[in-house]
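# Fold and contact review
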Protein chains: 4
Amino acid sequence: MTIIKVKSPFDGRLLQEIPLMDSEIVEEKMAKAYALFQDRSRWLKPYERIAILERTKKLMESRVEDLTKIAASEGGKPYQDSKVEVLRAINGVQLAIEYIGQIKGDQIPMGMTAASLNRLAFSMPEPIGVVLSISAFNHPLNLAVHQIIPAFAVGCPVIIKPASSTPMSAIELVKIMKEAGLPADWAEVVICNRENAELMVKDSRVNYFSFIGSAEVGWALRSKLAPGTHCAMEHGGSAPVIVEADTDIDEAISLLGKGAFYHAGQVCVSVQRVFVHDSIMDEFSKKLVVYAKSIKVGDPLDPFTEVGPMIDSWEQERVHTWVNEAVKEGAELLFGGRKCMATCYQPSILLNPSEDSKVSKLEVFGPVVCLYTYSKLQEAIDRSNSLDLAFQASIFTKNMDKALDAVSQLNASAVMVNDHTAFRVDWMPFGGRDASGIGVGGIPYSMKEMTRDKLMVIRSKSI
Amino acid sequence: MTIIKVKSPFDGRLLQEIPLMDSEIVEEKMAKAYALFQDRSRWLKPYERIAILERTKKLMESRVEDLTKIAASEGGKPYQDSKVEVLRAINGVQLAIEYIGQIKGDQIPMGMTAASLNRLAFSMPEPIGVVLSISAFNHPLNLAVHQIIPAFAVGCPVIIKPASSTPMSAIELVKIMKEAGLPADWAEVVICNRENAELMVKDSRVNYFSFIGSAEVGWALRSKLAPGTHCAMEHGGSAPVIVEADTDIDEAISLLGKGAFYHAGQVCVSVQRVFVHDSIMDEFSKKLVVYAKSIKVGDPLDPFTEVGPMIDSWEQERVHTWVNEAVKEGAELLFGGRKCMATCYQPSILLNPSEDSKVSKLEVFGPVVCLYTYSKLQEAIDRSNSLDLAFQASIFTKNMDKALDAVSQLNASAVMVNDHTAFRVDWMPFGGRDASGIGVGGIPYSMKEMTRDKLMVIRSKSI
Amino acid sequence: MTIIKVKSPFDGRLLQEIPLMDSEIVEEKMAKAYALFQDRSRWLKPYERIAILERTKKLMESRVEDLTKIAASEGGKPYQDSKVEVLRAINGVQLAIEYIGQIKGDQIPMGMTAASLNRLAFSMPEPIGVVLSISAFNHPLNLAVHQIIPAFAVGCPVIIKPASSTPMSAIELVKIMKEAGLPADWAEVVICNRENAELMVKDSRVNYFSFIGSAEVGWALRSKLAPGTHCAMEHGGSAPVIVEADTDIDEAISLLGKGAFYHAGQVCVSVQRVFVHDSIMDEFSKKLVVYAKSIKVGDPLDPFTEVGPMIDSWEQERVHTWVNEAVKEGAELLFGGRKCMATCYQPSILLNPSEDSKVSKLEVFGPVVCLYTYSKLQEAIDRSNSLDLAFQASIFTKNMDKALDAVSQLNASAVMVNDHTAFRVDWMPFGGRDASGIGVGGIPYSMKEMTRDKLMVIRSKSI
Amino acid sequence: MTIIKVKSPFDGRLLQEIPLMDSEIVEEKMAKAYALFQDRSRWLKPYERIAILERTKKLMESRVEDLTKIAASEGGKPYQDSKVEVLRAINGVQLAIEYIGQIKGDQIPMGMTAASLNRLAFSMPEPIGVVLSISAFNHPLNLAVHQIIPAFAVGCPVIIKPASSTPMSAIELVKIMKEAGLPADWAEVVICNRENAELMVKDSRVNYFSFIGSAEVGWALRSKLAPGTHCAMEHGGSAPVIVEADTDIDEAISLLGKGAFYHAGQVCVSVQRVFVHDSIMDEFSKKLVVYAKSIKVGDPLDPFTEVGPMIDSWEQERVHTWVNEAVKEGAELLFGGRKCMATCYQPSILLNPSEDSKVSKLEVFGPVVCLYTYSKLQEAIDRSNSLDLAFQASIFTKNMDKALDAVSQLNASAVMVNDHTAFRVDWMPFGGRDASGIGVGGIPYSMKEMTRDKLMVIRSKSI
């Protein structure tokens, strides 16, 4: 089989047929990327990279509608949210332009010992080398931006393998970059099978491997990296939220409802486990049900849709099974629990599932939120910290001491206070810790990780 | 076999017998370290860590002579150089004290988009978790300092497995720390066999793995890390030096001679491959032979010894074989090439060995320096960059353009100008790139790597 | 008159007679300091400065008792508080040692425009030049440390003129530095009259002028600086505190009582104006009276004394007059309002003085705290911000939104949440804004200000 | 007299008549700016400021030709150089946009002493307040950008008084900003006489005073600032250049010729004093004469003109007088020394003027370059450092030790290696030291200076 059929996850409509690249083509792309990095005469100066990125940004700005439809069609994220994704992607290019001037070294002071006199030392960042990116389906354009643009911005050739289900946005992005003047070999999309992808991952010509996807696949790939290859792994989470009794419940509901059901929960920092103080659980859960009921589920291309399909029916089935299991294991289903249309799943709310149910222990990656009753803050913190997944977390409270207590103790890369866990801007550090990932994403952070410092130490009697 | 016999590498004298820990003890130490990290009530405040480090430093200052003899006896580095190691180790503790106040977060500005209004965001570093260190023999005390002290300084429990040949210095260091008030479980030495070491490396309770040793072992261990474990690998190099025709030869000889033969070349940034401009090779090589002849080889405890033994006779034999092979393959032996005393090896100089000889391709890690003739700077740079090892490099020239050209092009983590490649101070970034390593060492850099940032994002209408 | 008689502010006992330097001596000191700065061959390397500071610290540690008594005797701050001052002064020397390694430049990236290609640019800090310090009486040793040690630490010669009432501590500090190996001309104490001090202030050989004292004198001196002289002025404040209704009153009392009456209020960030929510004013004020009553006023050398004398009887009289005026103008005197012993003043509490009374508009610099009733937070903030003085401020509340609202809106260089306004550690930035001062103090910040960057831009085709 | 007649400095043609504002209008503008700063409800969020700056930039990009002609007409800088100025001004707006996201605070770590436990401290930058800018004639648009845009970018209201001879560019810039959506009172141009300007300088409502102009005026104004007003003064220099014997003379001539005669030398970092090694002075001076002869002097609107007029005939006369004096005092006039056309002055080269001649001691600010013979590098350095002016300097040499020696020793805010002294990019730090100025310019540095940090210290048991 040498063709990928890209289909709409909502209605199965064929969107595009894309040829699978065989190992020879993949090898050729890798060889060219490496040759480019080895040949400094072909490197682009900062101002040349800036010019290409400026034109890329302008082209994207002129095609927001197209990019939105491509992303929504292949990925199933509703039109309005896909449009936000496109605008964020454009802002991501702008951020990369802005941070090129922030890629800079430091002086390393000398002379604090007699042995280090007469030296002048400075670090100078260099591009790290060839970047290999493997991407996920849930933000087909913005993830591509995050995994391609920082590499190019700091002067690294980059090869990206998008998710097989959503390759069109990445292909479109690289096409736009080339239209904007990108010379050959700086950014290439590879559409290939798993074996060929793995060959690239193991390749010693890769100096930085960026992976967004499942923890299982990611950590297995890390163990196959060649000596010296750096990596950033961005996996999923099972985001905990603590809602204290002094919370403004209406405000919390509107934030947490969005954070739980946005893109049918197919987001690594989606609100999943909500610990609600027992004194307010009744009110909280009722209002959340009202919120969930009001959500419009359906065709992602309909501008009024709020929740679209799961990425495929297998995922829909998996989530349904997990919900049913949870109910069998003691959870109360407050709302939802039904498949709808071809591949959609009704926003669902579970009350007090068992700690041993999959929905409590694993990443659901579906439109399912679990509510857990607690009485003491420390208990909620401990339960939040009970998994080996650790990404973003949040607490709702008006009380400063409680907020800081949760911020200190929650095992998370980011703790939001009075906000949902899926808050993100593209210039902030982003990435899981422990089993949820390694390395730091966000445009400026990726740019930093995709450089390496060279130290220059000049020995001179004049110093 | 449950005992390690630590012997002098110079004369085989038994220095100490140390019991090997079995898997149960190793597991217990790991469990205790992890339990400590999980229990915030046992964490030490910065001022408490500072106080313990201050006392550690004072105790070390009062025992310079003892520490020097322990290090020189077990590791074979000559007395004078071992003393310098001890003084650097003490300075390393001081550096850790100083940098505790530099462990700090940043504001992440918000409001650059409408969606990020009403947020105040700051990052805050936290200790990363349990640190596991596996160390090398060549600087038995200072490496222990680099792999234990930064961890403790930032609040991480640390387990260290020193080299089997040189465990005494690490054991002594931890003993001193405990004498200085270190509570239980913060720093533990594990003396164990390879299987048990590997169990620790794979353990998901380890959050940071620091390895100093051979590339082969190191990269194999990296592939076995548990999900989420960070690592720093410091392997060897094959340090290239370029000597341009305008160099002050006498000055270069005194620097490069030291850099090549210091500790019998058993240093990861030892001067190994020296590219000398053909117009000065004759003078340069003759003067280097004179230098090598003058070196006093022998007993590391003799204060006049300049080069001591290899770490064991197997290593002595390996180096001898490589030198002989190189000569067979075309190199001219200008000096040395002989084993002497039990485990010493005469400082040796090879002229123009084949690019295919082991001494040209691999890390020699012995008192052998290779001289290569070149005529154009670009050629010397290209040959310097021909290996997959990449650590420190250097160029000798008075000319600014040539110096900057080499600094730019040499594939190295540090390029020295008019200095040997083994220059290091303990506050500078240090570590190989490509096959030579990953992560950045140096006291402040290790401290940074042994923390992880938590982002706090407060949402408030007051902002 | 050519002698200063230093007397105990508590009992008038003569402590020391110090000759006044005439204009010739002052000129000679200035000339020597400038000559030293001009002669790079006499500059001390960082490690030499570190060694002198290390020995200074050790000598100070061995003389804590002496230094405490000198400071307490001449300045009148109680023994226990003076001892804390001495320990902080020692820590200040330690901080300077630690930050020497933090004085470093940055790369300025080039190539973001075509016109800036082929350049490599780095900034490098240099000592700014001769530092002139004029100091205040209230922390005779620690202010001297703040105004001498950072200058020397970064390599600037420094001349200090201590307060005429408390010169002994500064003289002792410089004596210790010389004992610790300080070469001639690096740090000199000048005891002179106002005219000669002004000559120094105007002198173009001074590159940095550090002034701690009254705003009136300070700003007048600033206007007389020579072209190019930098300055830091640290004047007084009139610190506002807001106490919201949800505050833990007992905790607030113990913090604010200390912050108001510490060193008889003779501190630039002393708690002066406390805005208390009307719902808790009754309880708050009663408890504060209880606190004030319990304070032991008297001889600073008595280890049980909590509040000592005013610096002189003129100050005592001034404060008394202000309190009486406030009462006449409508304030209720809840406690105190009496002179006691020779130069002491009873801790005093005024309720709701007029906004026009001096105690509401000017810096009291005495043991007097004013309580003001308010009902809405915004009102309290506006009243806090009504003066042109702006130094440290604070709010007490458990509520995060209110705390952040006050932090945002209060015109202050620092806002404490749930703490008194006099909180300070010597590594934090410290200094008033608006009429309260200019420049940033704190050991590392002063060190930064006492350097100036030199930019090096290398143009080379190799870059 | 209530009208300023803006005339072409080249031919006296009337360009525009602009009414002088009287003291009432000036006071009204100041009052409005201050009221705006006091009223947080009118403050613009970062994204709103970014949007206005983006539109400003686009409008400027669409009017490059107009802006070039305005600047060239009123200021006399030749068309091509004025166009470069306009493009740099546009880039300056872009830089301000980029650096808004870099305005951020830091964590101040706590707990290094027991007394600072339980605190969390962060600094947060705030706009400093009302900015007053007084500008110079030589870059009428780009200086306005540097003195207006950073202020607005960080949220400060700004009032600018442009040079009376060149007000049109600043007026045009503010007009464009308003067209781009700038609300009232954020940026206002004031055209007023000296008395009214001085009233503004003294006004306590000004928190930051930015002055570009003559040292004499600048330092006098500094002495009149109100308490608490910060300032940046950018005055002139007398830039020294050292040309060592190993220099590539042709390359040096093309750089130094441009640096000396660009804008008729009316630039604060114009090449003025060139110390040439005696072994190459003959060749160097002859080639520089050839260069000077080739320069096309004349009408600034002619696209082939390289050097335009002096700003007025008084300046032309002053420079002519200085040159004649220098010749009388011993200098050899190698070329030039003549007035030409109405207000132009022929590029002029003086050999070995007396150290006491005005051209050696003061800023010439005209198209005159002085060559001085020297034999030892140290002598050239000492003579370079002999004035109290200190701005940018440079050395030409291929030798690294000599280059670093000059970099270390030259008293300058920037030392160029193998480049002329007038090198500048708008993101680098820029500003004189000693009598040449105070404060640091450059878009990001001005933005930093136009903020002030507020420290937030939260005391909580949860920390």
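As the structure is a computational prediction, the values presented were derived from the model and not from experiment. (Residues numbered from 1 in each chain as written. Chains lettered and ligands numbered in written order. Predicted model: local features only at pLDDT ≥ 70, side-chain atom pairs only at ≥ 80, totals over all residues. Heavy atoms only, no water.)

Once that is clear, we can look at the interface of chain C and chain D. Contacts between the two partners involve 58 residues from chain C and, on the opposite side, 58 residues from chain D. Buried area between chain C and chain D, both sides added, is near 4600 Å², and the carbon and sulfur share of it is 56%. Broken down residue by residue, the surface that chain C buries against chain D is led by W427(C), L455(C) and R459(C), which jointly contribute 14%. Taken together, chain C and chain D are joined by 10 salt bridges. With a closest N to O distance of 3.4 Å, R459(D) and E251(C) form a salt bridge. Summed over the shared surface of chain C and chain D, the number is 39 residue pairs in polar contact (both at pLDDT 80 or more). (Contact = heavy atoms within 4.5 Å. Buried area = accessible area lost by both parts, 1.4 Å probe. Salt bridge = Lys/Arg side-chain N within 4 Å of Asp/Glu carboxyl O. Polar contact = N/O pair within 3.5 Å; in protein donor to acceptor, adjacent residues only side chain to side chain.)

Let us look at unusual backbone geometry. Residues and elements named next belong to chain B. Even without being a glycine, H263 presents a positive backbone phi close to 50°. As for its placement among the helices and strands, H263 is situated in the loop between α9 (249-261) and β10 (271-277). A positive phi angle, near 50°, is found at M341, a position not held by glycine. Examined against the element boundaries, M341 turns out to sit in the loop between β12 (339-340) and β13 (344-345). (Helix = DSSP H or I, 4+ residues; strand = E, 2+ residues; numbered from the N terminus.)

Between chain B and chain A, the contact holds 58 residues from the first and 58 residues from the second. With both sides pooled, the region where chain B packs onto chain A buries about 4500 Å², and carbon together with sulfur makes up 56% of that total. Taken together, the links from chain B to chain A amount to 10 salt bridges. A salt bridge links E251(A) to K461(B); the shortest N-O distance between them is 2.9 Å. For the pair chain B and chain A, the number of links is 39 residue pairs in polar contact (both at pLDDT 80 or more). Of all the elements in the fold, those that place two or more residues in the side of chain B that touches chain A are β3 (119-127), α8 (215-222), α9, α14 (400-409), β18 (414-417), β19 (433-434) and β21 (451-459) of chain B. Tallying contributions element by element places β21(B) first for the side of chain B that touches chain A, with eight residues. In terms of residue class, the side of chain B that touches chain A is built from 31 nonpolar, 14 polar and 13 charged. In this structure, strand β21 (residues 451-459) of chain A lies alongside β18(B), joined through four bridges in parallel fashion. Considered in β18(B), the bridge of M456(A) is made with V415(B). (Nonpolar A, V, L, I, M, F, W, Y, C, P; charged D, E, K, R; others polar. Pairing = 2+ DSSP bridges.)

The next point concerns the side chain of H263(B). On the basis of relative accessible area, H263(B) is assigned to the buried category, the value being 0%. With near-sequence residues (within four places) excluded, H263(B) lies in contact with G75(B), G76(B), K77(B) and N138(B). (Buried < 20%, exposed > 50% of the residue type's maximum accessible area, 1.4 Å probe, protein only.)

Turning to the pairing of strand β21 (residues 451-459) of chain D, a few remarks are in order. Residue and element names in this part refer to chain D. With eight of its nine residues buried, β21 lies for the most part within the structure. Taken together, the nine bridges between strand β3 (residues 119-127) and β21 define a ladder with antiparallel strand orientation. The residue bridging E126 from the neighbouring strand is R452, located in β21.

This paragraph deals with the relation of the copies chain B and chain A. With an RMSD of 0.0 Å, chain B superimposes on chain A once it is rotated by 180° and translated 0.0 Å along the axis. Seen this way, the second copy is the image of the first under a two-fold rotation axis. No C-alpha of chain B lies nearer the rotation axis than that of S223(B), which sits 2.0 Å from it. A share of 100% of interface residues in chain B that are also interface residues in chain A marks the association as one of identical surfaces. (Least-squares fit on C-alpha atoms with pLDDT ≥ 70 in both.)

Per the UniProt record, "domain: Aldehyde dehydrogenase" (unreviewed entry) is found at residues 4-454 of chain A. With 40% helix and 21% strand, residues 4-454 of chain A has end C-alpha atoms that lie 43 Å from one another. (UniProt positions renumbered as here; feature names shortened; annotations may be inferred.)

Attention now moves to the sheet that holds strand β6 (residues 187-189) of chain C. Residue and element names in this part refer to chain C. What the six strands build is an open sheet, ordered β6-β5-β4-β7-β8-β20; its pairing is mixed. Two strands close off the open sheet at either side, each with one partner strand: β6 and β20 (437-438). Across five bridges, the pairing between strand β7 (residues 206-212) and strand β8 (residues 230-234) is parallel. If you follow F209 over to β8, its bridge partner there is C231.

Right, let's talk about helix α3 (residues 64-75) of chain B for a bit. All names here are of chain B. For α3, spanning 12 residues, the distance from its first C-alpha to its last is 16 Å, which sits close to the expected 16 Å at 1.5 Å a residue. Of all 12 residues in α3, nine are buried; the element is thus mostly enclosed. Tucked inside the fold, the buried residues of α3 contact β1 (3-7), β2 (14-19), α2 (46-61), α4 (79-100) and α6 (168-179). (Expected span 1.5 Å × (residues − 1).)

Our next topic: the pattern of salt bridges. Counted according to the given criterion, the structure contains 129 salt bridges over all chains. In this structure, the salt-bridge partner of D11(A) is R13(A), at a minimum N-O distance of 3.8 Å. Among the residues examined, D11(A) registers a relative accessible area of 44% and is labelled partly exposed. The salt bridge partner of K32(D) is E28(D), with a shortest N-O separation of 3.1 Å. Of this pair, K32(D) and E28(D) both sit in helix α1 (residues 23-38), separated by four residues, roughly a single helical turn. Assessed through its relative accessible area of 42%, E28(D) is described here as partly exposed.

All names here are of chain A. Between helix α13 (residues 377-384) and helix α14 (residues 400-409), the shortest axis-to-axis distance is 10 Å and the interhelical angle comes to 25°. The angle between α13 and α14 places the two elements in the roughly parallel class. When you trace α13 past α14, the crossing you get is right-handed. Facing α13, whose interface residues are L377, Q378 and I381, α14 presents K402, D405, A406 and Q409. (Axes fitted to C-alpha atoms, helices over the stretch in contact; angles between N-to-C directions. Parallel < 35°, antiparallel > 145°, perpendicular 65-115°, else oblique. Left-handed = near helix turned anticlockwise from the far one by under 90°.)

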